[in-house]
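Breakdown of the fold
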Amino acid sequence: MLFSFWRYQIILVLLFIFWSQFFIDEALANQLVFNFAVFYPVGFLGGYRKENKINLFGAVLIFNCLTYLLVLLTGGRIGDWLIVPIDFISLAIFTATGYFIGKDMSKTEEKT
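Per-chain numbering applies: the sequence of each chain, read as written, is numbered from 1 onward. Only residues with pLDDT of at least 70 are given local features in this predicted model, and only at 80 or more are side-chain atom pairs given and counted; all residues enter the totals for whole chains, interfaces and linings. Neither water nor hydrogens contribute to the side-chain values; these are computed over all heavy atoms in the structure.

**Digging into the overall build of the chain**
We count a stretch as a helix when DSSP gives it H or I for four or more residues in a row; a strand needs E for two or more, and each element gets its number in order from the N terminus. Counting its secondary structure elements, the chain contains 4 helices and 0 strands. Helices and strands appear in the chain in the N-to-C order α-α-α-α. Our radius of gyration is a C-alpha quantity, and the globule rule it is checked against amounts to 2.2 Å times the number of residues to the power 0.38. Since a compact globule built from 112 residues should have a radius of gyration of about 13 Å, the 15 Å found for the chain is in line with a globular shape. Over its C-alpha atoms, taken along the principal directions, the chain stretches across nearly 50 × 30 × 25 Å. In the chain, which comprises 112 residues, the proportion classed as buried is 36%. For the chain, the exposed surface amounts to about 7000 Å²; the carbon and sulfur share of it is 73%. Positive and negative side-chain charges in the chain, numbering 8 and 8 respectively, have mean positions lying 12 Å apart. Remark: exposure states derive from per-residue accessible area (1.4 Å probe, protein chains only) relative to the maximum for the residue type, with buried under 20%, exposed over 50%, and partly exposed in between. The accessible surface values rely on the Shrake-Rupley method and a 1.4 Å probe; as for residues, cover is taken only from the protein chains in view. The charged-residue count follows a simple rule in which Lys and Arg add positive charge and Asp and Glu add negative charge, with His and chain termini not counted at all. The location of each charge is read from NZ of Lys, CZ of Arg, CG of Asp or CD of Glu.

**Notes on a nonpolar patch on the surface**
A cluster of nonpolar residues, Ile62, Leu66, Leu69 and Leu73, forms a patch on the protein surface that exposes about 380 Å² of accessible area. Along the chain, leucine 69 falls in helix α3 (residues 53-73). A relative accessible area of 43% places leucine 69 in the partly exposed class. For patches, a residue must show more than 30% relative accessible area and have no salt bridge; joins then use 9 Å for like charges and 5 Å for nonpolar side chains, namely Val, Leu, Ile, Met, Phe, Trp and Tyr. The term salt bridge refers to a pairing of a side-chain nitrogen on Lys or Arg with a carboxyl oxygen on Asp or Glu at a separation within 4 Å.

**Re the environment of leucine 56**
Along the polypeptide, leucine 56 turns up in helix α3. Judged by relative accessible area, leucine 56 falls into the buried class, the value being 0%. Expressed as a C-alpha distance, the spacing of leucine 56 and tyrosine 99, which sit 43 residues apart in the sequence, is 9.1 Å. The criterion used for residue contact is that any of the two residues' heavy atoms lie within 4.5 Å. For leucine 56, the residues in contact, after removing those within four places along its chain, are Tyr8, Val42, Gly43, Gly46, Thr95 and Tyr99.

**Things to note about the side chain of asparagine 64**
Along the chain, asparagine 64 turns up in helix α3. Excluding residues within four positions of it along the chain, asparagine 64 makes contact with Phe39, Asp87, Phe88 and Leu91.

**Thoughts on the packing of helix α2 (residues 28-48) against helix α4 (residues 83-111)**
In this description, a line fitted to the C-alpha atoms serves as the axis of each element, helices being fitted only across the stretch in contact, and the angle between N-to-C directions of two axes falls anywhere from 0 to 180 degrees. With their axes 6 Å apart at the nearest point, α2 and α4 run at an angle of 35° to one another. Handedness of the crossing formed by α2 with α4: right-handed. Note on residue categories: nonpolar means Ala, Val, Leu, Ile, Met, Phe, Trp, Tyr, Cys or Pro, charged means Asp, Glu, Lys or Arg, and polar means any other residue, Gly included. When the residues that make up the contact of α2 with α4 are grouped by side-chain class, the tally is 14 nonpolar, 11 polar and 3 charged. Crossing handedness is read from the near helix: turned anticlockwise from the far helix by less than a right angle, it gives a left-handed crossing, and turned clockwise, a right-handed one.

**Description of the packing of aromatic side chains**
Aromatic pairs are defined between Phe, Tyr and Trp rings, using the six-membered ring for Trp, whenever the two ring centres lie within 6.5 Å; interplanar angles under 30 degrees are classed as stacked, those over 60 as edge-to-face, and all others as tilted. For the coordinates displayed, the defined rule picks out 13 aromatic pairs. With a centroid separation of 6.1 Å and 15° between ring planes, the pair formed by phenylalanine 44 and tyrosine 48 is classed as stacked. Separated by 4 residues within a single helix, phenylalanine 44 and tyrosine 48 lie in helix α2, roughly one turn from each other. Residue phenylalanine 44 is classed as partly exposed on the basis of its relative accessible area of 27%. Judged by its relative accessible area of 32%, tyrosine 48 is partly exposed. The rings of Phe36, Tyr40, Phe44, Tyr48 and Phe94 are connected pair by pair, giving a single aromatic cluster. Directly above the aromatic system of tyrosine 8 lies the positively charged group of arginine 7, at a separation of 5.3 Å from the ring centroid. A ring is considered to have a charge above it if a Lys NZ or an Arg CZ atom is located within 6 Å of its centre and within 35 degrees of its normal.

Coordinates in, geometry out; function isn't part of it.
Take a look at the structure:
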């Protein structure tokens, strides 16, 4: 359980660092595409590996909370506070979508 949590944290950090170079605008559309690029692959991996949903979503939520905390602690600013709840909602939607598609893909490969 603890190993999977840290594995997902490392994957999320790497995806965050990679995709943050491309999505630098604070527009809502950019935030949604960025969330898809970061959280969908992690959800897909968790579903494909048939990980526990609670551990996966816990790791994703903690990661997202830590990113906001780091922004505030380093003196950064959050441009539009309306994006924060949308960020968390899209995080849950993209992670869940990736999880169920990954789970379905693993079932499909077992049949063949």
